[in-house]
Amino acid sequence: FCSRLVAGTRLDHTNAVAELALVGTDGMSESDRLTAIFAAMVHDIGHGPLSHSSEAYFIRHYDMDHRSRSIEIIENDNTLREISKEYRIDIDRVISIV
């Protein structure tokens, strides 16, 4: 699965990062595991189309990179908040991980 971290689709990458979070949190509390997996699933949510190629443009013209946009989405998206509440995930911990 490590090749999926850098190749394939964005979904492949996200799934590989989530798998790493799952494996890396073995033995931790259920709360910590869910928080890590949730953070893995949303860590790149702020990417736009061709984001790596166009990131310098967005930084220069909008003072925004995909990481800060990801945090903004996580903080403000009602669906993500509902999911985090349903699974008792502290959204502020997710943001600190991202």
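Residues numbered from 1 in each chain as written. Predicted model: local features only at pLDDT ≥ 70, side-chain atom pairs only at ≥ 80, totals over all residues. Heavy atoms only, no water.

Draft legend 1. Broad picture of the packing of aromatic side chains. Under the defined criterion, the tally for this structure stands at 3 aromatic pairs. Relative to Tyr62, the ring of Phe58 has its centre 5.8 Å away and its plane inclined at 35°; by these criteria the two rings are tilted. With Phe58 and Tyr62 both in helix H3 (residues 51-62) and 4 residues apart, the pair spans about one turn of that helix. Classification of Tyr62 as exposed rests on a relative accessible area of 51%. (Phe/Tyr/Trp six-rings, centres within 6.5 Å; stacked < 30°, edge-to-face > 60°. Helix = DSSP H or I, 4+ residues; strand = E, 2+ residues; numbered from the N terminus. Buried < 20%, exposed > 50% of the residue type's maximum accessible area, 1.4 Å probe, protein only.)

Draft legend 2. The side chain of Arg33, seen in detail. Among the structural elements, Arg33 can be located in helix H2 (residues 30-42). Among buried Asp, Glu, Lys and Arg side chains, Arg33 stands out as unpaired, with Asp26 the closest opposite charge at 4.4 Å. Contact partners of Arg33, with chain neighbours within four places excluded, come to Leu22, Thr25, Asp26 and Met28. (Lys, Arg positive; Asp, Glu negative; His and termini not counted. Salt bridge = Lys/Arg side-chain N within 4 Å of Asp/Glu carboxyl O. Contact = heavy atoms within 4.5 Å.)

Draft legend 3. Main features of the nonpolar core. Membership of the largest hydrophobic core is limited to 12 residues, which are Phe38, Ala39, Val42, Ile71, Ile73, Ile74, Leu80, Ile89, Ile91, Val94, Ile95 and Val98. Elements represented by at least two residues in this core include exactly H2, helix H4 (66-76) and helix H6 (91-97). Those residues within four positions of Phe38 in sequence are excluded, and the remaining contacts are Leu80, Ile83, Ser84, Ile89, Ile91 and Val94. In terms of nonpolar packing, the next biggest core, distinct from the first, is built from 5 residues, Val17, Ala18, Ala21 and Ala40 among them. (Core = buried A, V, L, I, M, F, W, Y, C linked by side-chain atoms within 4.5 Å.)

Draft legend 4. Region of the structure containing unusual backbone geometry. Positive phi is not limited to glycine here, since Asp63 has a value of about 50°. For Arg88, which is not glycine, the phi dihedral falls at a positive 55°. Relative to the assigned elements, Arg88 resides in the loop between helix H5 (78-86) and H6. On the accessibility criterion, Arg88 (75% relative accessible area) is exposed.

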